[in-house]
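Okay, here's what each chain looks like letter by letter:
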Amino acid sequence: MAHLVFVEITALGVQSIAHAKRLGHEVTLLRSPLYDFVTPPAERAQAEQLADRTLHSDDLQDAGRLLGLLHEHGIGPGDVDAVLSTLSLCVLAAARLAERLGARGTPYEAVAAARDKGRCREILRERGVPSLGFAVVTTLPEALEAAAGIGYPVVIKPVSGVGKAVTSIVETPDGLRAHFAAAAEELRSMQPGLAAELDERYIVEELAVGELYSVEVAADGERFTPLVAVGRKMGRDNPVLELGCTVPSGLPAAEEAELGGYAARVCEVLGLDLGIFHVEVMRTAKGFRLVEANPRISGGSLPDSVRMATDHNVFEILVDLFLGAPAPAHPLPWRRAASHTFLAAARDAVVPGDLPADWFEEFRPRLHSGWSRAEPGARLRAMNGNFDTFGMIRVVGDDADRAAEEVAAVRRDIEKRLGFALTAVAEARGDG
Ligand SMILES: Nc1ncnc2c1ncn2[C@@H]1O[C@H](COP(=O)(O)OP(=O)(O)OP(=O)(O)O)[C@@H](O)[C@H]1O
Ligand SMILES: [Mg+2]
């Protein structure tokens, strides 16, 4: 029996704790109310119920405190086999704790390098992996100078950003001025658990133009395997917004292999050699270019779509890797297609009060799965990032394009039923 420590948990990530318990392992869950906003109460409760113990701390980022907390419960170095996290905001803390306990974990240096979007691109440059032009800045004048050097349009985003916080595509110097002006306000209204991640550094990057894909790369210390590649749905009016995925990717086999190889190489040069990593890549006219290497497994609804399409559970593979199992030798084969889309309001909106409480159920027969928390009368915030979605709809079928078209049709009908504009998906692979 092994002892696994999870630093926080995500809604779908509960499946990894469930898997560890099914295998008969001991699980300690470390939690903080700072991250309550990410995981709904039901899943949090489920995770706590499955774990052998849940220890609460108001600062999961302080490894010394976590060591003290574990010590209070009789757990010290030598007692823990692996430390992991499925939550982006806690992967660095998990890596640090693993190192301090001498347990298996994703190497701290690698997680820190990947999470620092500037350092990440520097490493790619040093190692000759194709990347995008970039500069790290802290002030508007520096950003203006960097953008003039790179050439507009550029993307500006926090060096350690998550969830699309304070991220803009800007076409002109005025766009950069607007970004800095709006950033202060956005930082003020942000969840403290998220704001704590950010400092004054921004990265200004060349804009990659093309279709967005993501790859889950599994690593066991030696082998780097691209497990699955999927097509990402971007916002029509704001391509920074992420609106869902379609699996399989729809790329011809040779290109999908090239994409997988590129993503695996990114993880290898960063030293991300234990775990599953979510690598976002744009297919540009010049070839595949990294958008972001997330040193953790995919969040959102993608892991479930992958499970429905491949009959493999990436959370189980994740736990197995941390227990010392070899990474799968090949990408997971597809059995069917799955396409999901997030529901979010394009502008601040109110759900009509006269809708039936179960309005979403009308759409269920056309879906494989989905959810909505838009109750009649609820106020919805305009979508600004990943945390502003109010629902998800999914279609599973034989053909990826058909599944994407069907889910797009349901989304349009939901929009009509709600009577306000939903964040529109960019036209790609029949989705609109
Ligand atoms: N250089 C770029 N070129 C084109 N698009 C970009 C670029 N950088 C970011 N984007 C767009 O902005 C989105 C957010 O960027 P990024 O993934 O780096 O931020 P994030 O906040 O870490 O996102 P998350 O944590 O949700 O994955 C990307 O998914 C992509 O659509
Ligand atoms: Mg991203």
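Before reading further, recall that the structure is shown in the block above.
Here is what the cut-offs are and how they apply
- Residues numbered from 1 in each chain as written.
- Chains lettered and ligands numbered in written order.
- Predicted model: local features only at pLDDT ≥ 70, side-chain atom pairs only at ≥ 80, totals over all residues.
- Heavy atoms only, no water.
- Axes fitted to C-alpha atoms, helices over the stretch in contact; angles between N-to-C directions.
- Helix = DSSP H or I, 4+ residues; strand = E, 2+ residues; numbered from the N terminus.
- Parallel < 35°, antiparallel > 145°, perpendicular 65-115°, else oblique.
- Left-handed = near helix turned anticlockwise from the far one by under 90°.
- Contact = heavy atoms within 4.5 Å.
- Nonpolar A, V, L, I, M, F, W, Y, C, P; charged D, E, K, R; others polar.
- Donors = N, O, S within 2.8 Å, 3.2 Å for Na, K, Ca; no water.
- Buried < 20%, exposed > 50% of the residue type's maximum accessible area, 1.4 Å probe, protein only.
- Near = heavy atom within 4 Å.
- Polar contact = N/O pair within 3.5 Å; in protein donor to acceptor, adjacent residues only side chain to side chain.
- Areas by Shrake-Rupley, 256 points an atom, 1.4 Å probe, with all protein chains shown as cover.

Chemist: Lay out the packing of helix α1 (residues 14–22) against helix α12 (residues 314–322) with the relevant residues and their values.
Modeler: Where α1 contacts α12, the axes come no closer than 8 Å and their chain directions differ by 55°. With respect to α12, the axis of α1 lies oblique. Here the hand of the crossing between α1 and α12 comes out right-handed. Counting all contacts with α1, which are made through Q15, S16, H19, A20 and R22, the residues of α12 involved are F315, E316, V319 and D320. Its residues assigned to classes, the contact of α1 with α12 comprises three nonpolar, three polar and three charged.

Chemist: Outline the coordination of the magnesium ion (ligand 2), supporting the account with residue identities and numerical values.
Modeler: Taken together, the protein donors to the magnesium ion (ligand 2) comprise E280 (OE) and E292 (OE), at separations of 2.0 to 2.2 Å. Of this pair, E280 sits in strand β12 (residues 274–284) while E292 sits in strand β13 (residues 287–294); the two residues are twelve residues apart in sequence, bridging distant segments of the chain. Since its relative accessible area comes to 8%, E280 is described here as buried. In this structure E292 comes out as buried when scored by relative accessible area, which is 13%.

Chemist: Quick rundown of the site of ligand 1? Include the residues and the values.
Modeler: Around ligand 1, the structure places 22 residues, and the nearest of them are K157, K164, E205, E292 and N386. In the environment of ligand 1, an oxygen atom lies 2.9 Å from a nitrogen or oxygen atom belonging to the side chain of E280. A total of 610 Å² of accessible area belongs to ligand 1 in isolation, and the protein chains cover 97% of it. When contributions to the shell around ligand 1 are tallied by element, the ones reaching two or more residues are β6 (154–158), β8 (202–206), β12 and β13.

Chemist: Which residues make up the environment of V266, and what values do they have?
Modeler: Mapped onto the elements, V266 comes out in helix α10 (residues 253–270). Overall, the relative accessible area of 0% leaves V266 in the buried class. Taking C-alpha positions, V266 is 34 Å from D58, a pair spaced 208 residues apart along the chain. Apart from residues no more than four positions distant in its own chain, V266 is found in contact with L124, V129, L290 and A293.

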